[in-house]
Amino acid sequence: MTKRDYSLLGTDGARAVETGLAAAEWYHTDVPRKVMKDLMARKDGPAIRDTIILYGCMIAFAAAGIALWGTWWCLPFWLAYGVLYGSASDSRWHECGHGTAFRTAWMNDVVHEIASFMIMRNSATWRWSHARHHTDTYIVGRDPEIAIMRPPVFAKLIGSFFGIPEVIAFFPRMIRNALFGPTEDEKTFVPQSQWAKVRRVAQIYAAIYAATLALALWSGSILPLMVIGLPRMYGAWHHVMTGLLQHGGLAENVVDHRLNTRSVLMNPISRFIYWNMNYHVEHHMFPMVPYHALPRLHEIIKHDLPAPNRSIAEAFREMWPALRRQLANEDYFLGRTLPPTAKPYRTDFHKAALGQALPAE
Amino acid sequence: MPNGIGACATDDINPEDLIRFDHAGATDAIYHAPDGRFYATAGLCTHENVHLCDGLVMGHLVECPKHNGQFDDRTGAAKRAPVCLNLKTFATRIQGDAVFIELP
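So, a few notes on the structure that sits alongside this text. Along each chain, residue indices are assigned from 1 in the same order as the chain's sequence is written. Chain letters and ligand numbers both follow the written order, the letters beginning at A and the numbers at 1. Where totals are concerned, whole chains, interfaces and linings use all residues; where local detail is concerned, this predicted model gives features only for residues with pLDDT of at least 70, and gives and counts side-chain atom pairs only at 80 or more. Side-chain metrics in this entry use all non-hydrogen atoms of the structure; hydrogen atoms and water are not considered.

1. So, the interface of chain A and chain B
Quick reminder of the rule: A contact between two residues is defined here by any heavy atoms of the two lying within 4.5 Å. Summed over both partners, the accessible area lost on bringing two parts together, with a 1.4 Å probe, is the buried area. We define a salt bridge as a side-chain nitrogen of Lys or Arg found within 4 Å of a carboxyl oxygen belonging to Asp or Glu. Side-chain atoms alone can form a polar contact between residues adjacent in sequence; in general such a contact is a pair of N or O atoms within 3.5 Å, and within protein one must be able to donate a hydrogen while the other accepts it. Counting from the N terminus, the helices are DSSP H or I runs at least four residues long and the strands are E runs at least two residues long.
Taken together, the contacts link 22 residues of chain A with 21 residues of chain B. Between chain A and chain B, roughly 1,600 Å² of surface is buried when both sides are summed, and carbon and sulfur atoms account for 51% of that area. The interface formed by chain A and chain B includes 3 salt bridges. Across the salt bridge formed by Glu-63 of chain B and Arg-42 of chain A, the nearest N and O atoms sit 2.7 Å from each other. Applying the counting rule to chain A against chain B returns 12 residue pairs in polar contact (both at pLDDT 80 or more). Going through the elements one at a time, α2 (33-40), α4 (74-98) and α6 (123-135) of chain A are the ones with two or more residues in the side of chain A that touches chain B. Element by element, the count of residues in the side of chain A that touches chain B is highest for α6 of chain A, at 5 residues.

Written as structure tokens, this is what we have:
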């Protein structure tokens, strides 16, 4: 059994560079140029509509929660507000960070900054970590966004549904960033020209949280924290539920997103919160296709992809037992079966990279 | 034009689009701009060596298909993170219906 070193400064990362796993050429399904240009075309309309709905609902739910504060009737409004704050902000951070949600660049930037603050991710740092995630998706020692490292730590995974480990990690890092700029591991993927921005963003976040906390202390109520900060915890469950499915239980150290990424068919409300990132294989294969075009992309390339899971529940029934098996055997993963119409890609390379790993039975 | 190399026909590239041009072990990109002019740059993104020919052209901006870094196809200037380094550019010349680029 192989012990993995997920550190960005460790031996697995160095080996990935030596063997060509890092910054490799990844598989793409053939899509005619004209069709792909049409899919990549930017629009403002869908994202403006969705943003008005999102922020409109957040204002309405928070207002109702505040008005009904002190009674049990406020509970459903805070739960709804929390999911939009603590989960929809994840997908908005993601899509606007890619710069694909809106056609107009400043709209992407504004929503990206707001969403980054809400999800407690330094907007300057995480833009770069996500670029690395797309370059080296689930390459051990290279990808800074591996959500489930092997062996899985279930207490941490379950805690993530309430944002506990992330929030605990965020505040010391924010203070560290605000005082000194990026950490040593962050410097491996954030270029030096951006280090001052990392620091400035952290200082702004720290100021907002300090003001919110001061207001709560001054008023003798946690209500300000129910609006800013705490919903990152009580509303995190949805983005963790969908996010763990992206790559959980699947192969590491392959250069084919069909083998290390999962697409899941979901209900319309989850797709609104998640901004269609349930089409995750499609997103990784063609990251510049905006969220609103992903269902169309799925229809065009599904002949070349493993069949998507048919629901969130079905995907968890597949993933969770695999994670439990990884407790005993870190090399275990779920092998993906490509349809007969799919093209295989670098089979020998993957065999060498995966070594004696055991595919799913 | 010294070292001018016939790269493609003018109608090989749709307006506001680009094609890949491989020559002597290097990869370049040739653009047909909305103003009708043709431009040429190095063909790989300066961030992660991704082929720009799969990216989207919007006006004079070409977008890397992997990380959304953007360059100005006229000057090669890096315009959006994560790209920080500019692209090399090459002069172009139209002769008849052929596009020539001047390579070093």
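2. Looking at the packing of aromatic side chains
Residues and elements named next belong to chain A. Under the convention used in this document: We call Phe, Tyr and Trp rings a pair once their centres come within 6.5 Å, taking the six-membered ring for Trp, and we label the pair stacked below 30 degrees between planes, edge-to-face above 60, and tilted otherwise. Relative accessibility decides the category of a residue: with a 1.4 Å probe and only protein chains considered, values under 20% of the type maximum give buried, values over 50% give exposed, and everything between is partly exposed.
In the structure shown here, the tally under the stated rule is 14 aromatic pairs over all chains. Ring geometry for Trp-93 and Trp-126: centres 5.6 Å apart, planes at 80°, overall edge-to-face. Placement of the pair is Trp-93 in helix α4 and Trp-126 in helix α6, with a sequence separation of 33 residues. For Trp-126, a relative accessible area of 28% gives the class partly exposed. Relative to Tyr-205, the ring of Phe-117 lies with its centre 5.3 Å away and its plane at 75°, an arrangement referred to as edge-to-face. Placement of Phe-117 in helix α5 (residues 105-119) and of Tyr-205 in helix α9 (residues 195-219) is noted, with a sequence separation of 88 residues between them.

3. Re the sheet that holds strand β7 (residues 70-72) of chain B
All names here are of chain B. Which entries qualify depends on this criterion: What makes two strands pair is DSSP finding at least two bridges between them.
Strand order in the open sheet made by the 4 strands is β5-β6-β7-β8, with antiparallel pairing throughout. The open sheet terminates on both sides in strands that have one partner only, identified here as β5 (57-58) and β8 (78-80). Strand direction decides the pairing type here: β5 and strand β6 (residues 61-63), joined by 2 bridges, are antiparallel. Considered in β6, the bridge of Val-57 is made with Val-62.

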